[in-house]
Amino acid sequence: MKRVALLGATGSIGKQALEIVEAHPELELVAATSGSQPIDGLAPLTQIGGDPAQLLERAEPDLVLNAVVGFAGLSATLWALEHGVTLALANKESLVAAGELALAAQRRGGGLLLPVDSEHSATFQCLEGRPPDTVDSIVLTASGGPFRGRTRDELADVQPLDALSHPTWNMGPKITIDSATLANKGLELIEAHFLFGVPYERIEVIVHPTSIVHALVRFRDGAALAHLGYPDMRVPISYALTYPERSATPVRPLDLAAGLTLEFAAPDLETFPLLRLARRAGELGGTYPCAFNAANEVAVAAFLAGRLSFLGIADTVEDALAGVDGSPAGDLEELVAADAEARAAAESRLPVVT
Ligand SMILES: NC(=O)c1ccc[n+]([C@@H]2O[C@H](COP(=O)([O-])OP(=O)(O)OC[C@H]3O[C@@H](n4cnc5c(N)ncnc54)[C@H](OP(=O)(O)O)[C@@H]3O)[C@@H](O)[C@H]2O)c1
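Reference entry: report on the structure contained in this document. Source: prediction; values computed, not measured. (Residues numbered from 1 in each chain as written. Predicted model: local features only at pLDDT ≥ 70, side-chain atom pairs only at ≥ 80, totals over all residues. Heavy atoms only, no water.)

Attention shifts here to the nonpolar core. By size, the foremost hydrophobic cluster in this structure holds 116 residues, and its most contacted members are Val-64, Leu-65, Ile-237, Leu-241, Phe-292, Phe-310 and Ile-313. A per-element tally of this core places helix H13 (residues 288-304) first, with eleven residues. Those residues in contact with Ile-237 that lie beyond four places of it in its chain are Ile-13, Gln-16, Ala-17, Ile-20, Leu-65 and Val-116. (Core = buried A, V, L, I, M, F, W, Y, C linked by side-chain atoms within 4.5 Å. Buried < 20%, exposed > 50% of the residue type's maximum accessible area, 1.4 Å probe, protein only. Helix = DSSP H or I, 4+ residues; strand = E, 2+ residues; numbered from the N terminus. Contact = heavy atoms within 4.5 Å.)

Glancing now at the pattern of salt bridges. Under the counting rule described, the total for this entry stands at 13 salt bridges. Between Asp-232 and Arg-234 there is a salt bridge; the shortest N-O distance is 2.8 Å. For the residue pair Asp-232 and Arg-234, the accessibility class agrees, reading buried in each case. Salt bridges sharing partners connect three or more residues here, namely Lys-92, Asp-117, Glu-119, Lys-185 and Glu-188. (Salt bridge = Lys/Arg side-chain N within 4 Å of Asp/Glu carboxyl O.)

Quick look at the sheet that holds strand E2 (residues 27-34) now. Taken together, the six strands give an open sheet; going across it, the order is E3-E2-E1-E4-E5-E6, and neighbouring strands pair in parallel fashion. Only two strands of the sheet have a single partner each, and these edge strands are strand E3 (45-48) and strand E6 (113-115). Neighbouring strand axes in the sheet, compared pairwise and without regard to direction, differ in orientation by 20 degrees on average. Here strand E1 (residues 2-7) pairs with strand E4 (residues 63-66) via four bridges, running parallel. Across the sheet, the residue bridging to Leu-6 is Leu-65, located in E4. Most of the contacts of helix H1 (residues 12-22) go to E2, to which it runs at about 165 degrees, and overall it touches E1, E2 and E4. (Pairing = 2+ DSSP bridges. Axes fitted to C-alpha atoms, helices over the stretch in contact; angles between N-to-C directions.)

Attention now goes to the pairing of strand E5 (residues 86-89). In E5, alternate side chains face the same way, and those of Thr-86 and Ala-88 on one face and Leu-87 and Leu-89 on the other are all buried. With four bridges joining them, E4 and E5 adopt parallel strand pairing. Its bridge partner lying in E5, Leu-65 is registered against Ala-88. Since E4 and E5 lie parallel, the crossover through helix H3 (residues 74-82) that links them has a hand, and here it is right-handed. Where E5 meets E6, three bridges bridge the pair, whose relative direction is parallel. (Right-handed = clockwise from strand over helix to strand, strands pointing away.)

Now the structure itself:
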């Protein structure tokens, strides 16, 4: 039996994880959380909002699936890593914001960190068992979102509903907007850096509209291993929940005879500057990735609320990053302060509502 705590049980990842848990008698759901929606009776221990640490202490899970959206997922990530409890991580924002602190907690705790993000699950699988010095580079694929191929002018008036219709993945609203701006791929770039210990210049992002290839790893002998599958998050969720067994899922195998389109192209960094800004924040290090994430969360919320234009998201993040200190955080308190500083910087740059 594996005792599972599911954080963010009401979300897109959370609901798909429940489906996997229900199909596996050896997975026992011992605790569940949501942000505000009711979840009474979903698990023996439940909590709505707040810090999940006490709930996790009482639940004594073997595995925490962190499917909370945003910086709010940080305490659960740090709790699991510090306690040596296996962490299945969908909440990329916590690793982006607190990469060094999280890895230090993992070193102390000694537990497993299993990525749930499809690109990172794919990369993890391609890398598994390979000596690091044989790895040349990692390639993360991006669908390009609903606005792939458009110019900046064509994006000036797009509305939240346009940005919320993703071509290949069905996800929560925040990550869907991040996919439309390519901020999601920027967050994933930083996430990959921390997860796999690979420098930024050896992590490439490539647009692949059909989302069949989730990631590739290039090796020093010229070979590249790729991970393919239909875009369905139940595969990486199941992989993390049942690791290392790789249990069966209801997802159909690739139908190669039906024909597959495997196109690849460079991302358009002029139209989608958030990917460039994320790379820069990652390379600068310190609390710049935390600030990137915080400013982006503020800007996305403002866009969804109709307070900011689509192109204004990147402008807000760029301006906020230019105004923050960015020096490294020695502890959680300093990191939370850096997050707050970046949020305030982004808020101050939002258009005034009249
Ligand atoms: N969806 C995908 O396919 C996908 C793929 C890869 C990675 N991810 C990552 O997985 C995470 C979850 O994404 P999602 O699409 O599942 O998001 P979502 O559908 O918006 O669900 C978010 C979950 O987090 C909870 N939550 C929100 N604010 C919270 C807070 N302040 N404290 C505690 N819980 C809170 C929500 O509870 P309420 O319902 O009560 O608000 C909900 O259960 C994100 O980090 C995303 O980047 C998602």
